[in-house]
Amino acid sequence: QTSVTIDDVDLVIDSGLERRSEVRNGVEGLFIAQISQADSLQRAGRAGRLEPGVCYRLWSEDQHDGLAAYGSAEILAADLAVLALKLSRWGVTPNQL
């Protein structure tokens, strides 16, 4: 997602998919996942920031109604092990956090 406004963007074609960083089977990677209704609304807002625009969604209204209202916070899926190891190496202890 981006909050950058690009001039002359008046059309968005939304696949309804995103690459999401997740840890699966102990391995962190980017996986394809469905977006939420809130993400869909945000993407539609990319068209027509400066003038009227159109968003084409590549899924049905029934599928849209089945999407989660909001996505989960990225911090809940992020692997923080590397950060914890770096903090430890820098001498930061858990009681300092």
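Residues numbered from 1 in each chain as written. Predicted model: local features only at pLDDT ≥ 70, side-chain atom pairs only at ≥ 80, totals over all residues. Heavy atoms only, no water.

*Asks:* Describe the layout of surface pockets, listing the residues and the values that go with them.
*Replies:* Roughly 190 Å³ of volume is contained in the largest pocket. In terms of lining residues, the largest pocket is bounded by 10 residues, among which Glu18, Arg20, Ser72, Ala73 and Glu74 are the most central. By residue number, the principal contributor to the lining of the largest pocket is strand β2 (residues 17–24), which donates three residues. Of the residues that constitute the lining of the largest pocket, the class distribution is two nonpolar, four polar and four charged. (1 Å grid on protein atoms, 1.4 Å probe; cavity = no way out; pocket = protein on both sides within 12 Å on 5 of 7 lines; lining within 4 Å. Points joined across faces, edges and corners; volume = space filled by probe spheres on them. Helix = DSSP H or I, 4+ residues; strand = E, 2+ residues; numbered from the N terminus. Nonpolar A, V, L, I, M, F, W, Y, C, P; charged D, E, K, R; others polar.)

*Asks:* Describe in detail a negative patch on the surface, supporting the description with residues and values.
*Replies:* A cluster of acidic residues, Asp7, Asp8, Asp10 and Glu51, forms a negative patch on the protein surface. Mapped onto the elements, Asp10 comes out in the segment before β1 (11–14). Note on Asp10: relative accessible area 35%, which makes it partly exposed. (Patch = residues over 30% accessible without salt bridge, like charges linked within 9 Å, V, L, I, M, F, W, Y side chains within 5 Å. Areas by Shrake-Rupley, 256 points an atom, 1.4 Å probe, with all protein chains shown as cover. Salt bridge = Lys/Arg side-chain N within 4 Å of Asp/Glu carboxyl O. Lys, Arg positive; Asp, Glu negative; His and termini not counted. Charge placed at Lys NZ, Arg CZ, Asp CG, Glu CD. Buried < 20%, exposed > 50% of the residue type's maximum accessible area, 1.4 Å probe, protein only.)

*Asks:* Would you mind going over the pairing of strand β3 (residues 27–34) in detail, with residue names and values included?
*Replies:* One ladder, built from eight bridges, connects β2 with β3; its direction is antiparallel. If you follow Arg20 over to β3, its bridge partner there is Phe31. Counted along the chain from β2 to the antiparallel partner β3, the turn is two residues long, and its residue Asn25 has a positive phi close to 55 degrees. (Pairing = 2+ DSSP bridges.)

*Asks:* Any details on the environment of Gly71? Residues and values, ideally.
*Replies:* Inspection of the secondary structure assignment puts Gly71 in the loop between α2 (61–66) and α3 (81–89). By relative accessible area, which is 46% here, Gly71 ends up partly exposed.

*Asks:* Would you mind going over the environment of Leu41 in detail, with residue names and values included?
*Replies:* Residue position: Leu41 is located in helix α1 (residues 37–44). Considered as a pair, Leu41 and Cys55 are 14 residues apart in the sequence and their alpha carbons are 9.6 Å apart.

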